[in-house]
Amino acid sequence: SIVNTDHIELNGVFNQTLTEFFFTRIIDESYLIFHAELLDGNWTSPEPIQMFPNQNIISVAVDMSVTQDGNTMYFLGQYPGEGTDMSSEDIYQSQKVDGKWQLATKVPYPISTDDYTESYPVVVADGSLYFESNRPGGLGKQDIYRAQYLGNGKFDTPKSIGSVVNTAMGSGDTFVSPDESYLIVNSRRTDASGLYVSFKKNSEWQKPIFLKEPINSEWTDFCPYMTPDSKYFFFSRRYSDPPGSGWAGVIKGEIYWVDANIIFSLNEK
């Protein structure tokens with residue numbers, strides 16, 4: 001009940017030291033990042049982080065990922081400019097200064113673009129970013145890309161991670177482990193859409209493995225995330241009425257977790 005309420009919640013994410021927890025809650029049509037801290041052995045009550053200048057404008061801050069040092073957060077953001085409609089999906093970043101998360105700024109090109117969507121950023125150990133985009137040159141409607149971090153806030157040209165994981169129907173929310181040894185993707189497929197895991201062997205992504213119940217269910221399971229200690233797998237689940245109506249028909253959204261062995265045991269088969 002601290003996280004899951006009568007509102008719609010999604011995206012459970014920790015910092016590297018497991019002393020900060022972040023998730024998104026939808027309130028009055030805005031997607032707000034909430035934040036709790038572990039202080040003196042107790043978690044504080046979750047409070048929203050102000051990411052954009054005007055809190056009264058409908059905005060989106062979702063799909064967070066925190067750097068190894070805990071001082072930079074990347075997320076999918078949508079915020080209307082002055083006198084304009086809601087922006088397209090882009091990747092934003094917020095810096096933690098003197099213990100407080102600051103107003104976010106858009107991560108510039110070649111990550112964010114004016115003409116295409118960028119979503120679900122995941123930062124790995126060396127600072128590089130994985131994300132999804134419908135920019136030209138991909139294999140499907142939306143591909144997973146990797147952009148090598150060059151230092152000083154700069155990134156190299158993003159490259160698609162290839163056809164083993166990406167599909168013609170498109171890839172969705174994707175978690176990549178800090179050492180890039182495995183990823184968990186919300187994959188759109190004709191046979192079975194849902195969460196899949198792909199392990200990397202000999203520097204190549206292997207054929208994704210479908211995650212069976214209790215993870216994938218008759219509802220929509222998404223927002224995969226592994227805790228930094230590799231003990232627990234977090235994911236989100238949303239219920240729509242009628243089924244298949246997507247976000248337009250969402251009536252309930254909650255965050256779940258399971259023992260991570262349910263994922264890692266698949267690497268032994």
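Located above this text is the structure these notes cover.
Residues numbered from 1 in each chain as written. Predicted model: local features only at pLDDT ≥ 70, side-chain atom pairs only at ≥ 80, totals over all residues. Heavy atoms only, no water.

Visitor: Hey, could you go over the sheet that holds strand 16 (residues 159-160) for me, with residue numbers and the actual values?
Guide: Judged by pairing direction, the sheet is antiparallel, and its 4 strands sit side by side in the order 11-12-13-16 without closing on themselves. Unpaired on one side and paired on the other, strand 11 (118-123) and strand 16 mark the two borders of the sheet. Strand direction decides the pairing type here: strand 13 (residues 143-147) and strand 16, joined by 2 bridges, are antiparallel. What sits directly across from Arg 146, in strand 16, is Lys 159. (Pairing = 2+ DSSP bridges. Helix = DSSP H or I, 4+ residues; strand = E, 2+ residues; numbered from the N terminus.)

Visitor: Any chance you could break down the pattern of salt bridges for me, citing the residues and the numbers?
Guide: Opposite charge on two side chains allows them to pair when their charged atoms are near. The full count for this structure, using the stated rule, is 8 salt bridges. With a closest N to O distance of 2.8 Å, Lys 96 and Glu 20 form a salt bridge. Placement of the pair is Lys 96 in strand 8 (residues 90-97) and Glu 20 in strand 2 (residues 20-27), with a sequence separation of 76 residues. Owing to a relative accessible area of 3%, Glu 20 belongs among the buried residues under this scheme. (Salt bridge = Lys/Arg side-chain N within 4 Å of Asp/Glu carboxyl O. Buried < 20%, exposed > 50% of the residue type's maximum accessible area, 1.4 Å probe, protein only.)

Visitor: Can you break down the sheet that holds strand 23 (residues 232-240) residue by residue, with the values?
Guide: Spatial strand order, 22-23-24: 3 strands in an open sheet with antiparallel pairing. Looking at strand neighbours, the two that pair on one side only are strand 22 (220-226) and strand 24 (250-259), the edges of this open sheet. With strand direction ignored, the average angle separating the axes of adjacent strands in the sheet is 20°. Looking at chain direction, strand 22 and strand 23 are connected through 5 bridges and run antiparallel. Bridge pairing in strand 23 links Thr 220 to Arg 238. (Axes fitted to C-alpha atoms, helices over the stretch in contact; angles between N-to-C directions.)

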